[in-house]
Amino acid sequence: MGTASGSIERAAGLARLQSAREPVLRVGVRVGVSSVEIGSASGLVLSDAQTGYSISTVDAGETLRVSREGPGLSASGDQLRDAGTVHVLRVESSGEAPVTIDGSPYRGRFELLAIEDSLVTAVNILPLEEYLRGVVPLEIGPRTREELAAIEAQAVAARTYAVSHLDGHQEMGFDLFGTVEDQVYGGIDAERPESNEAVQATAGRILTYDGLPIRAYYHSTCGGRTAAIDEVLDRPGAPYLQTVSDRAPDGSDWCAISPRYRWTSVWSSDELNGPVRDELARMFGERSGALGPIDGFRVTDHTESGRVLSVAFFGPGSQFVLERLDMRFAVLETDGRILGSTDFDVVSEADGVFEVHGRGFGHGAGMCQWGAIARARAGQTSEEILSTYYPGTRLSRVY
């Protein structure tokens, strides 16, 4: 089960549904930037969000750059030299055309916040279902109608995640990041007909356990078996986030269609003593040179489902042990991405070269997206997919 505080947070999120009404989200689409450029083909209306006072308008097609001025915000552009200094600037379209932020169109309206360190945060305010249109296609990728059940399952998981994270970053002025820190959100440019259809078909439906929204984790590729959440992330366990087999009736794994189903990474001694040592120094709060040389690394513990729980990097007189997600960030692959997963074997340590063979991509907990895609192609419904990867949960309509 989750912690008491986690249950309280998810209960608070459910309470914000306001008696079965669709919630309005606050999404941080630009967080802590020096400035943002706003505009709309319909023109803009600007007001002080704290006082409600109207500030000015911006003509159709014109843009306005908003940055910091002292403790507040200043807006200026070719047409409007000074919109006044405010702490929270409300930005709304004058007509049907959407508001654009740095050239990208978004549904809903915006608030621009003056935050610490002389930076600006742009918060998109819109209904949950409209937010999902810009999330689902980016999280599961471009899909076809043959895979609609997988897209629907993704829509339910993404909606559940959003509901369970309402007020998740209240101290920063929004509910969710529009990035991988929560869910990737691309606004109108990301929308696709198939994912819009899936969002509409599942509208208002989330996964619950004991009456609360679940922690709806998902990942790209499990490699043959998903992981219990506490095996791969520093999170409390949950009955619906246990290890699940992804084996198909023919003996293959459903997610074997994934391009990251199996992978190999190779590191030289120079790489271990370059980027890897630098990252270890950062993680342990040391100067890179103070760590001394790294001779290699070895697996020191496994989880119940066979994934690597911890890895030790060692050298003359020193050893640094990393667990779970930390090890994926410490050892980057040759293309700069983090290690594919924690499900791997060290198969060679010859001549200072370390070769690792891995399975799957992502943390491995919850829904396996490529497994869901294969299951959809085979005719499984979104309900069957969700009940497989989140056992014991209930599909509930909350608005």
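Everything below is about the structure shown above.
Residues numbered from 1 in each chain as written. Predicted model: local features only at pLDDT ≥ 70, side-chain atom pairs only at ≥ 80, totals over all residues. Heavy atoms only, no water.

**Student:** Quick rundown of the side chain of E152? Include the residues and the values.
**Tutor:** By secondary structure assignment, the location of E152 is in helix α4 (residues 148–164). Of the side chains with opposite charge, R205 lies nearest to the buried E152, which makes no salt bridge, at 7.1 Å. Apart from residues lying up to four places away in sequence, E152 is in contact with A198, A201, T202 and S382. (Helix = DSSP H or I, 4+ residues; strand = E, 2+ residues; numbered from the N terminus. Buried < 20%, exposed > 50% of the residue type's maximum accessible area, 1.4 Å probe, protein only. Lys, Arg positive; Asp, Glu negative; His and termini not counted. Salt bridge = Lys/Arg side-chain N within 4 Å of Asp/Glu carboxyl O. Contact = heavy atoms within 4.5 Å.)

**Student:** Explain the pairing of strand β18 (residues 308–315) to me, using residue names and the numbers behind them.
**Tutor:** Most of β18 sits inside the fold, with 7 of its 8 residues counted as buried. Hairpin remark: strand β17 (residues 296–302) followed by β18, antiparallel, with 5 residues in the connecting loop; positive phi at G306, about 95°. Relative to strand β19 (residues 318–323), β18 runs antiparallel, the two sharing 6 bridges. Bridging from a neighbouring strand, G315 pairs with S318 of β19. Counted along the chain from β18 to the antiparallel partner β19, the turn is 2 residues long, and its residue G317 has a positive phi close to 75°. (Pairing = 2+ DSSP bridges.)

**Student:** Can you break down the packing of aromatic side chains residue by residue, with the values?
**Tutor:** Within the structure shown, the criterion is met by 9 aromatic pairs. Considering the side-chain rings of Y209 and Y240, the 5.5 Å spacing of their centres and the 50° angle between planes classify their relative orientation as tilted. With Y209 in strand β13 (residues 205–209) and Y240 in the loop between α6 (229–232) and β16 (262–268), the pair connects residues that are 31 residues apart, well separated along the chain. According to the relative accessible area criterion, Y209 is partly exposed, its value standing at 22%. Here the aromatic rings of F297 and F313 are separated by 5.5 Å at their centres, their planes lie at 35°, and the arrangement is tilted. A residue pair is termed long-range when its members are at least 10 positions apart, and F297 in strand β17 and F313 in strand β18 qualify at 16 residues. (Phe/Tyr/Trp six-rings, centres within 6.5 Å; stacked < 30°, edge-to-face > 60°.)

**Student:** How would you sum up the sheet that holds strand β7 (residues 88–93)? Please name residues and give values.
**Tutor:** An order of β4-β3-β7-β10-β11-β1-β12 is seen for the 7 strands of this open sheet, with the pairing classed as mixed. Strand pairing shows two members of the sheet lacking a second neighbour, β4 (54–58) and β12 (176–177), which therefore form its edges. As defined by bridge partners, strand β10 (residues 109–115) adjoins strand β11 (residues 119–127) across 7 bridges and the pair is classed as antiparallel. In the sheet register, E111 faces β11, and the bridge partner there is V123.

**Student:** I'd like a rundown of the environment of I188, residues and numbers included.
**Tutor:** Mapped onto the secondary structure, I188 falls in the loop between β12 and α5 (193–201). Taking the C-alpha atoms as reference, I188 lies 20 Å from R90; in sequence the two are 98 residues apart. Once residues lying within four places of it in the same chain are set aside, the contact partners of I188 are P98, P105, Y106 and R107.

**Student:** Talk me through the environment of G360; I want residue IDs and the actual numbers.
**Tutor:** Structurally, G360 is set in the loop between β21 (353–359) and β22 (367–368). For the pair G360 and W263, spaced 97 residues apart in sequence, the C-alpha to C-alpha distance is 7.8 Å. For G360, the contacting residues outside a window of four places in its chain are T221, C222, G223, R260, Y261, W263, G340 and S341.

**Student:** Account for the nonpolar core, naming residues and giving values.
**Tutor:** Of all hydrophobic cores here, the largest spans 75 residues; its most connected members are I38, L89, V91, L112, Y131, M367 and Y390. When residues of this core are assigned to their parent elements, the largest contribution, 12 residues, is made by α4. By size, the runner-up hydrophobic cluster in this structure holds 21 residues, among which are L272, F297, V311 and F320. (Core = buried A, V, L, I, M, F, W, Y, C linked by side-chain atoms within 4.5 Å.)

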